[in-house]
Amino acid sequence: RGNSDVRTSVPQPAVVSGTGAKQPPLGGPKRLAKTASVDLSAFFMDSPPSEEDRAVWVGATRNSPAHANGPVLDDDILGQPEIRQLLEQNSGSVQKELDICNTDRS
């Protein structure tokens, strides 16, 4: 573009100063009125868990089967004999018409 096409009404970025770290606001961290009464301390531990407790939890999670979503459309499609045969042969084509009803939109 030529210089005549440059827009001059666009705000320019703020100038960066070399003063270092940003100062915290006076009076401590900002508190919001609608969340001031919420106590989140139950979600945080005073100290880290012991290595034994952590190893038991990590091992159980790592060695357990993944969760399942139950039967899904993919399972229905892949369970059809024509589709299975196509996948096993790794060649050919199949044309299917399926009725799809999506009533669970969460």
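Being a predicted model, the structure only gives us computed values, none of them experimental. (Residues numbered from 1 in each chain as written. Predicted model: local features only at pLDDT ≥ 70, side-chain atom pairs only at ≥ 80, totals over all residues. Heavy atoms only, no water.)

Asks: I'm lost on the overall build of the protein in this one. Help?
Replies: Of the regular secondary structure elements, the protein holds 3 helices and 0 strands. Starting at the N terminus and ending at the C terminus, the protein contains elements arranged as α-α-α. Expressed as a percentage of the 106 residues in the protein, the buried residues total 3%. A total accessible area of about 11,000 Å² is found for the protein, and carbon and sulfur atoms account for 54% of it. (Helix = DSSP H or I, 4+ residues; strand = E, 2+ residues; numbered from the N terminus. Buried < 20%, exposed > 50% of the residue type's maximum accessible area, 1.4 Å probe, protein only. Areas by Shrake-Rupley, 256 points an atom, 1.4 Å probe, with all protein chains shown as cover.)

Asks: Teacher, can you tell me more about the pattern of salt bridges here?
Replies: Proximity of charged atoms lets side chains of opposite charge pair with each other. Under the defined criterion, the tally for this structure stands at 2 salt bridges. For Glu 51, the salt bridge identified is with Arg 54, shortest N-O distance 2.8 Å. Taken together, the residues Glu 51 and Arg 54, both in helix H1 (residues 51-63) and 3 residues apart, mark about one turn of the helix. For Arg 54, a relative accessible area of 39% corresponds to the partly exposed category. (Salt bridge = Lys/Arg side-chain N within 4 Å of Asp/Glu carboxyl O.)

Asks: What is the right way to look at the confidence of the model for the protein in this model?
Replies: Fine structural detail should not be taken from predicted coordinates in areas where pLDDT scores are low. Mean pLDDT over the protein: 78, with 74% of residues reaching 70 or higher. Mean pLDDT across the elements of the protein bottoms out in H1 (79) and peaks in helix H3 (residues 81-89) (94). (pLDDT = per-residue confidence, 0-100.)

Asks: What is the right way to read unusual backbone geometry from this model?
Replies: It is generally the case that most residues other than glycine have a negative phi and that most peptide bonds are trans. One non-glycine residue, Asn 90, lies in the positive phi region at around 60°. Residue classification places Asn 90 among the exposed residues on the basis of a relative accessible area of 68%.

Asks: In this structure, what is going on with a nonpolar patch on the surface? I would like to understand it.
Replies: On the surface, a nonpolar cluster with roughly 480 Å² of combined accessible area is contributed by Val 38, Leu 40, Phe 43 and Phe 44. Looking at the secondary structure, you find Phe 43 in the segment before H1. On the basis of relative accessibility, which here comes to 67%, the residue Phe 43 falls in the exposed class. (Patch = residues over 30% accessible without salt bridge, like charges linked within 9 Å, V, L, I, M, F, W, Y side chains within 5 Å.)

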